[in-house]
Amino acid sequence: MSTDFQRAREELGRRLRELRVDGPHGRLTGTDLARRLGWQQSKISKLENGKQTPSAEDLRAWAEAVGQPDAAGELCARLKGFESHIRSWRRQLAAGHGPVQETWNRIIGETRTLHVWENFLVNGMLQTPDYARNVFQRLAEFRRTPRDADDAVRARMKRQEWLYEPGKRLNLLMWEAALTAHVCPPEVLAAQLDRLSGVVGVDTVHLGIVPSSAPLRLPPANSFWILDERLVTVENWHAELWLDDAETIALYRRVWDTLAESAVYGAEAQQVIARVRRGLSV
């Protein structure tokens, strides 16, 4: 099924083809344009058919090559419009994890209520410095991005001050499997679980754990954040999705509410955490 993103990319592709065939230089073939740009002809085809996302540099070069440089602004505006919701990790992490965490600090700082579903890691709002450092180091190594784990950890720990501000509320659901992910040494994970157990009962935190044995009305799919019913963010391997239309936000809130029915809270949540903690060989 075609997504809004794909449809917008196809529309941009049609506009690129229109500029190519109706330019002041007369009708250019795809081969002619590829030669002018020094590209493979296949790239021309993929861009025009909405099979590849161009960069802003690609669009400016295209407009220049077809003799319509003034069209570059329009093309880049189209790109920005549909890319604003698809934030690729390659671009976001070009300068490392630190700047991304600082951006998140600003966004979370403007938020009063969070509803979060976490299915693969302990959530960043409750991570210990050592746990966070291990996560950042592994991701930087995998993605081959700048190694700035210390800066990223400092930024993430600063964000946790939000938890102690009056009027804030973190509604966090975590799949039990997230507690068992060995993304760090056992002693670091043990300290992390102790930290989790300690926040049960904190006024600004409503922590629910969905036990692995709990009946589920929905599969425990992608983690996501809902910020004040105004924005949903979803992480994938290639990108972070920012979704702000009311219908989508309502859908994710319904998912959260449904998963919450399978969670345990308070002392029962602490018991699940303690059971995982006892299973560690520390």
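No experiment lies behind these values; they were computed from the predicted model shown. (Residues numbered from 1 in each chain as written. Predicted model: local features only at pLDDT ≥ 70, side-chain atom pairs only at ≥ 80, totals over all residues. Heavy atoms only, no water.)

Concerning the overall build of the protein chain
Using the following cut-off: In DSSP terms, a helix is any run of H or I states spanning at least four residues, a strand is any run of E spanning at least two, and both are numbered starting from the N terminus. The buried label applies to any residue whose accessible area, calculated with a 1.4 Å probe on protein chains only, is under 20% of its type's maximum; exposed applies above 50%, and partly exposed to all values in between. Note on contacts: a residue pair qualifies if any of its non-hydrogen atoms lie within 4.5 Å across the two residues. Note on areas: Shrake-Rupley with a 1.4 Å probe; residue coverage comes only from the protein chains shown.
Looking only at helices and strands, the protein chain has 13 helices and eight strands in total. For the protein chain, the spread of C-alpha atoms along the principal axes amounts to about 75 × 40 × 35 Å. Put simply, the protein chain has 282 residues, and 49% of those count as buried. At a minimum sequence separation of 6, the contacts of the protein chain that also span at least 24 residues come to 75%. When the accessible area of the protein chain is evaluated, it comes to approximately 14300 Å², of which 50% is carbon and sulfur surface.

Focus: the nonpolar core
General note: in soluble globular proteins, nonpolar side chains tend to be found buried as a group. Put simply, the rule reads: Residues enter a nonpolar core if they are buried and are Ala, Val, Leu, Ile, Met, Phe, Trp, Tyr or Cys, with the set joined through side-chain atoms within 4.5 Å.
Of all hydrophobic cores here, the largest spans 44 residues; its most connected members are Leu170 and Leu207. By residue number, the principal contributor to this core is helix H11 (residues 186-199), which donates six residues. In terms of nonpolar packing, the next biggest core, distinct from the first, is built from 21 residues, Leu33, Val66, Ala71 and Leu79 among them.

Some words on the pairing of strand S7 (residues 239-243)
For clarity, the cut-off: A pair of strands is treated as paired once DSSP finds two or more bridges between them.
For S7, the buried fraction is high: five of the five residues fall into the buried class. On S7, burial covers both faces: Ala239, Leu241 and Leu243 on one face and Glu240 and Trp242 on the other are all buried. For strand S1 (residues 86-88) and S7, the ladder comprises three bridges, and the chain directions are antiparallel. Bridged to serine 88 within S7 is alanine 239. Note that strand S6 (residues 231-235) and S7 share four bridges and pair antiparallel. Paired with valine 232 across the two strands is leucine 243, which belongs to S7. Where S6 folds back on S7, the antiparallel hairpin that results is connected by three residues.

Notes on the pairing of strand S4 (residues 205-210)
Of all the six residues making up S4, five are buried; the element is thus mostly covered by neighbouring parts of the structure. With six bridges joining them, strand S3 (residues 169-175) and S4 adopt parallel strand pairing. Bridge pairing in S4 links leucine 170 to valine 205. The pairing of S4 with strand S8 (residues 264-265) spans two bridges and is classified as antiparallel.

Topic: unusual backbone geometry
Residues other than glycine predominantly adopt negative phi, and peptide bonds predominantly adopt the trans conformation. One non-glycine residue, arginine 144, lies in positive phi territory at about 60°. Tracing the chain through its elements places arginine 144 in the loop between helix H8 (129-143) and helix H9 (149-159). Despite not being glycine, glutamate 229 has its phi angle at roughly 60°, a positive value. Residue position: glutamate 229 is located in the loop between strand S5 (224-227) and S6. Classification of glutamate 229 by relative accessible area gives partly exposed; the value is 40%.

Description of the layout of surface pockets
Applicable threshold: Two kinds of site are reported from a 1 Å grid over the protein atoms alone, namely cavities, where a 1.4 Å probe fits but cannot get out, and pockets, open sets with protein on both sides within 12 Å along at least five of seven lines, and residues are called lining when an atom falls within 4 Å of a point. Grid points are joined across faces, edges and corners, and a volume is the space filled by probe spheres set on the points.
Space inside the largest pocket adds up to approximately 690 Å³. Listed by contribution, the elements that provide at least two residues to the lining of the largest pocket are helix H7 (97-109), H8, H9 and S5.

Re the packing of H11 against helix H13 (residues 266-278)
Our working rule: Here an angle of 0 to 180 degrees is reported between the N-to-C directions of two axes, which are lines fitted to C-alpha atoms, with helices fitted over the stretch in contact. Each angle is binned into one of four classes, with values under 35 degrees roughly parallel, values over 145 roughly antiparallel, values of 65 to 115 roughly perpendicular, and all other values oblique. Under the scheme applied here, ten amino acids are nonpolar (Ala, Val, Leu, Ile, Met, Phe, Trp, Tyr, Cys and Pro), four are charged (Asp, Glu, Lys and Arg), and all others, including Gly, are polar.
Contact pair H11 / H13: the axes reach a minimum separation of 10 Å and the direction vectors enclose 170°. By the angle between their directions, the pair H11 and H13 is classed as roughly antiparallel. Along its contact with H11, which presents Ala190, Leu193, Asp194, Leu196 and Ser197, the element H13 presents Gln270, Ile273, Val276 and Arg277. Within the contact of H11 with H13, the residues separate by chemical class into five nonpolar, two polar and two charged.

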